[in-house]
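Working through the structure, step by step
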Amino acid sequence: MNSKSTKPTIVLVHGAFEDASIWKPVIQRLQRDGYPVVAFANPLLGVATDAAYLRSVIDRIQGPIILVAHSYGGAVITEAGGDEKVKGLVYAGSILPEIGEAPAQLIERFPGSSFPTSTDVIPYTRPDGTSGQYVLYQADKFHSQVAADVPASEAAMLLATQRHMDFACLTEKLTSAAWATKPTWQILTTQDLAIPPAEQKFEADRAHSTVIEVKASHAVTVSNPDVVADVIVQAASAAAK
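Computed from a predicted model, the values in this text were never measured in an experiment.

1. Focus: the packing of aromatic side chains
The full count for this structure, using the stated rule, is six aromatic pairs. Ring centres 5.9 Å apart and planes at 55° place the aromatic pair phenylalanine 110 and phenylalanine 202 in the tilted group. Separated by 92 residues along the polypeptide, phenylalanine 110 in the loop between strand 4 (86–94) and helix 4 (115–118) and phenylalanine 202 in helix 8 (residues 197–206) bring together distant segments of the chain. Residue class for phenylalanine 202 comes out partly exposed when judged on its relative accessible area of 32%. Note on phenylalanine 115 and tyrosine 137: the rings are 5.8 Å apart at their centroids and 80° apart in plane angle, and the pair reads as edge-to-face. With a gap of 22 residues between them, phenylalanine 115 in helix 4 and tyrosine 137 in strand 6 (residues 131–137) connect regions that are remote in the sequence. Assessed through its relative accessible area of 11%, phenylalanine 115 is described here as buried. Members of the aromatic cluster, each reached through a chain of ring pairs, are Phe17, Phe115, Tyr137 and Phe142. Here the guanidinium or amino end of lysine 7 rests over the ring plane of tyrosine 35, the centre of that ring lying 4.5 Å away.

Written out as structure tokens, the structure reads:
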């Protein structure tokens with residue numbers, strides 16, 4: 001992927017239960033501002049596999065990069081973001097795990113997450129005959145627990161396009177933490193019922209992140225795209241200095 005732009009490429013990484021369409025209004029704003037954008041199709045197969053795919057995307061981009069994540073995508077950019085081309089990390093309603101932590105731990109450290117009681121773990125059989133598990137949000141809880149500040153019609157679309165998350169996304173532990181050596185920005189979603197705000201603050205403090213609080217649900221990229229875009233531009237501008 002080649003770009004003649006002097007601006008960094010913005011790589012957007014969605015989280016669990018969603019696809020890259022959650023970034024559409026953010027992409028439109030960034031493109032109007034002249035930023036090259038790549039919306040990564042996160043496989044949702046586990047931290048190690050998803051990070052390997054993201055590294056392959058990073059490898060094909062020339063020039064500086066800003067990695068941006070929502071939700072579980074924060075684990076993926078944290079694991080894969082060590083490349084020297086990556087100049088900053090933006091976490092929007094997202095987790096910032098430490099080496100040795102699994103994403104599931106980050107919704108248990110502080111009270112307030114409805115994730116365990118709003119999702120179903122569903123068994124399936126792999127082609128080789130072994131058993132696996134994936135996770136989905138319960139339909140009757142999706143709007144209130146994930147996207148309370150999003151119109152019902154839009155929440156219904158998010159639910160209809162919900163993607164399966166392999167259970168490994170929750171249980172695999174990180175082996176690297178890019179935020180330890182990169183500047184980070186945290187968009188802290190104060191009305192988040194998936195990742196408790198107290199947990200977000202704990203992680204942001206640990207990473208010495210620049211914190212921007214927004215009164216938003218977990219679905220911040222949909223409900224507050226301008227806030228997300230503004231922070232991305234802030235990170236990109238800092239990287240250019």
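2. Section: the pairing of strand 3 (residues 65–71)
Most of strand 3 is tucked away, with seven of its seven residues classed as buried. Sheet analysis places strand 1 (residues 9–13) next to strand 3, joined by five bridges and oriented parallel. Each bridged residue has a counterpart across the sheet, and for threonine 9 the counterpart in strand 3 is isoleucine 65. With seven bridges connecting them, strand 3 and strand 4 associate as parallel partners. Within strand 4, the position partnered with serine 71 by the bridge is serine 94. With helix 3 (residues 73–80) bridging strand 3 and the parallel strand 4, this β-α-β connection has right-handed handedness.

Calculation criteria
- Residues numbered from 1 in each chain as written.
- Predicted model: local features only at pLDDT ≥ 70, side-chain atom pairs only at ≥ 80, totals over all residues.
- Heavy atoms only, no water.
- Phe/Tyr/Trp six-rings, centres within 6.5 Å; stacked < 30°, edge-to-face > 60°.
- Helix = DSSP H or I, 4+ residues; strand = E, 2+ residues; numbered from the N terminus.
- Buried < 20%, exposed > 50% of the residue type's maximum accessible area, 1.4 Å probe, protein only.
- Lys NZ or Arg CZ within 6 Å of the ring centre and 35° of its normal.
- Pairing = 2+ DSSP bridges.
- Right-handed = clockwise from strand over helix to strand, strands pointing away.

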